[in-house]
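Listed below, chain by chain, are the residues.
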Amino acid sequence: SRYYRHIDDTKRLSSVVVGIDDSGQSLTVTGHQVRRKKKVVKEIFIKVANENDSSGFVIPGARAPGYLTVDKHWKPSRDAEAVVYICGYKHTKLDCIRRFGQFLAMAHLPSYMKPLFFHWPNGGWAMSYRGAIQVAKSEQNQLDFEHFLLSMRNAGIRSVSFMLHSMGARVFLYSWPRIRRWFSPLSEKHSEPEDEIAHSDDEEGSTATNVTEATMHLSNLVLLSPDYEVDTFESQVHDLQKYCSQVTVYVDRRDTATKSAQVMRGFRKSLGFNFEEIRTEDGSLADLDIIETTDLQGNIAGTYHSYWNINRQMVDDLHDLLTLRKRAKQRSSRLLRVAEGLYRFLQTPQTIIEV
């Protein structure tokens, strides 16, 4: 397999985000990992270096005045990470590039996170909605999506966050029974597989033989105004959470596109228009975050369905979710908990101009 160097790999290190891990005992540093596994690190030394300084960790090719170095307890993460955007209904490739590109321009994701998008035949005219659903569900589309994931794996990607907008949720969730073998269950320790993927074009459409399964980590599953049935999602969410510990759903009561889609599907409740907790098939509460965006106001109009890439608060929240992997309860400066697993943005109504 071939490996490609991202243009940002030679960017000088000009910012470092330090956090606390899930145990609350050790520090984390974006794009880095501790050199000695299981070592608890409670301090970090960062300094500004010049081109003659060889101490600490330096991004390769970044010899320029004013770059940062991190002490030798840390090393750059071996595992490349991808952020994958899957578009919704009636999106051309140019639409995908424009929308996702706008998000990337505002989010300033760190260089180790490689942005990718998967485009699929999603309909091109007003009456093609039902046809687009059938395409998302089709065997061929699922096979194409699996090939896309395998190409990521072959390029060295080991951790993936998915941003699923509208009907893009269908592409991922319809394919889940097929693709889940390429992800590591949370109960298993993620490790580099020894066997290489051997592709095969047999009559059953299998994509690999002689392969160590579960080779990537599913870091985040972000559903943006998802066009997907609640009851179907409830039958899947328990299995999803065996592989992903961070599932986030963004919803808006003003979203006319999602409401219209519910009517076209025979009034089956949509996940993108659900403002209640999600329960699994056995009736237990699903461990995910539902974030209502109804109170957001800037750069929002039309159908209230596609502003995730231009609203400053929304972009900042997605940035923290993707890069720091903070659950909603940890983003308390921006989000208000209204019930178990349900949150709203802290936003003063635009009608309030003085207090």
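Fair warning: this is a prediction, and the values are worked out from it, not measured in the lab.

A few points about the pattern of salt bridges
Tallied over the entire structure, the rule returns 24 salt bridges. Its salt-bridge partner being arginine 170, residue aspartate 227 comes within 3.4 Å of it at the nearest N-O pair. With aspartate 227 in the loop between strand 10 (217-224) and helix 5 (230-240) and arginine 170 in helix 4 (residues 168-179), this residue pair connects regions lying 57 residues apart in the sequence. You'll find aspartate 227 and arginine 170 in the same group, each marked buried. Salt bridges linked by common partners bring Glu139, Glu146, Arg178 and Arg181 together as one network.

Looking at the confidence of the model for the protein
Per-residue confidence for the protein gives a mean pLDDT of 82; residues scoring 70 or more make up 82%. For the stretch residues 1-10, pLDDT sits under 50, and the model shows 19 contacts to residues farther than four places along the chain or on other chains. In the predicted structure, residues 56-63 sits below a pLDDT of 50 and forms 26 contacts with residues beyond four places in sequence or in another chain.

Some remarks on the environment of leucine 94
Residue position: leucine 94 is located in helix 1 (residues 93-107). Judged by relative accessible area, which is 59%, leucine 94 ranks as exposed. On a C-alpha basis, the gap between leucine 94 and histidine 119 in space is 9.9 Å, while along the polypeptide they are 25 residues apart.

Side note on the side chain of aspartate 252
Structurally, aspartate 252 can be placed in the loop between strand 11 (247-251) and helix 6 (256-264). Residue class for aspartate 252 comes out buried when judged on its relative accessible area of 1%. Here tyrosine 307 takes part through its side chain, which lies 2.4 Å from a polar atom of the side chain of aspartate 252.

Overview of the packing of aromatic side chains
One pass over the full model with this rule turns up 17 aromatic pairs. Aromatic pair phenylalanine 162 and phenylalanine 183: ring centres 6.2 Å apart, planes at 75°, arrangement edge-to-face. A residue pair is termed long-range when its members are at least 10 positions apart, and phenylalanine 162 in strand 9 (residues 157-165) and phenylalanine 183 in the loop between helix 4 and strand 10 qualify at 21 residues. When sorted by exposure, phenylalanine 162 lands in the same class as phenylalanine 183, which is buried. Here the aromatic cluster, defined as three or more aromatic residues joined through ring pairs, consists of Phe118, Phe145, Phe148, Phe162, Phe172, Trp176, Phe183 and Tyr243.

Looking at the nonpolar core
Core analysis: the largest hydrophobic core is formed by 80 residues, its most contacted members being Phe103, Phe145, Phe162, Phe172, Phe183 and Phe233. By residue number, the principal contributor to this core is helix 4, which donates 7 residues. Leaving out residues up to four positions away in the same chain, phenylalanine 145 has contacts with Ile86, Phe118, Phe162, Val171, Phe172, Ser175 and Ile179. Formed by 7 residues, the second largest nonpolar core is a distinct cluster that contains Leu27, Val29, Val34 and Ile44.

Here's the deal with empty space enclosed by the protein
Tallying each qualifying case throughout the model produces 1 cavity of 30 Å³ or more. Considering only enclosed or pocket space, the largest cavity measures out at about 60 Å³ in volume. Residue lining of the largest cavity: Leu224, Ser225, Tyr250, Val251, Asp252, Thr293, Tyr304, His305, Ser306, Tyr307, Trp308 and Met314, and that is the complete set. Here the lining of the largest cavity is built from residues that sort into 7 nonpolar, 4 polar and 1 charged.

With respect to the sheet that holds strand 11
Pairing is mixed across the open sheet formed by 8 strands, whose spatial order is 8-7-9-10-11-12-14-13. The open sheet has two edge strands, strand 8 (113-118) and strand 13 (335-339), and neither has a second partner. Averaged over all pairs of adjacent strands, the angle between strand axes in this sheet comes to 25°, irrespective of strand direction. With 6 bridges connecting them, strand 7 (residues 80-86) and strand 8 associate as parallel partners.

Describing the packing of helix 2 (residues 129-137) against helix 3 (residues 139-154)
Running from N to C, helix 2 and helix 3 cross one another at 55°; their axes reach a closest spacing of 5 Å. Between helix 2 and helix 3, the angle is such that the two are oblique. Here Val135, Ala136 and Lys137 of helix 2 lie close against helix 3, whose contacting residues are Glu139, Asn141 and Gln142. Here the contact of helix 2 with helix 3 is composed, by residue class, of 2 nonpolar, 2 polar and 2 charged.

Considering the pairing of strand 13
Where strand 13 and strand 14 (residues 342-345) come together, 4 bridges link them in antiparallel fashion. Looking at the pairing, leucine 335 lines up with phenylalanine 345 of strand 14. The hairpin formed by strand 13 and strand 14 contains 2 residues between the paired strands, and glycine 341 there has a positive phi angle of roughly 80°.

Examining unusual backbone geometry
Even without glycine at this site, serine 225 takes up a positive phi of about 45°. Phi is positive for tyrosine 304, close to 60°, though the residue is something other than glycine. With respect to the helices and strands, the residue tyrosine 304 is situated in the loop between strand 12 (289-292) and helix 7 (312-324). Judged by its relative accessible area of 25%, tyrosine 304 is partly exposed.

Observations concerning the environment of leucine 164
Its place among the elements puts leucine 164 in strand 9. C-alpha separation for the pair leucine 164 and proline 226, spaced 62 residues apart in sequence, amounts to 7.2 Å.

Digging into the environment of leucine 321
Here leucine 321 is to be found in helix 7. Note: C-alpha distance between leucine 321 and arginine 331 (10 residues apart in sequence) is 8.7 Å.

Cut-offs and rules
- Residues numbered from 1 in each chain as written.
- Predicted model: local features only at pLDDT ≥ 70, side-chain atom pairs only at ≥ 80, totals over all residues.
- Heavy atoms only, no water.
- Salt bridge = Lys/Arg side-chain N within 4 Å of Asp/Glu carboxyl O.
- Helix = DSSP H or I, 4+ residues; strand = E, 2+ residues; numbered from the N terminus.
- Buried < 20%, exposed > 50% of the residue type's maximum accessible area, 1.4 Å probe, protein only.
- pLDDT = per-residue confidence, 0-100.
- Contact = heavy atoms within 4.5 Å.
- Polar contact = N/O pair within 3.5 Å; in protein donor to acceptor, adjacent residues only side chain to side chain.
- Phe/Tyr/Trp six-rings, centres within 6.5 Å; stacked < 30°, edge-to-face > 60°.
- Core = buried A, V, L, I, M, F, W, Y, C linked by side-chain atoms within 4.5 Å.
- 1 Å grid on protein atoms, 1.4 Å probe; cavity = no way out; pocket = protein on both sides within 12 Å on 5 of 7 lines; lining within 4 Å.
- Points joined across faces, edges and corners; volume = space filled by probe spheres on them.
- Nonpolar A, V, L, I, M, F, W, Y, C, P; charged D, E, K, R; others polar.
- Pairing = 2+ DSSP bridges.
- Axes fitted to C-alpha atoms, helices over the stretch in contact; angles between N-to-C directions.
- Parallel < 35°, antiparallel > 145°, perpendicular 65-115°, else oblique.

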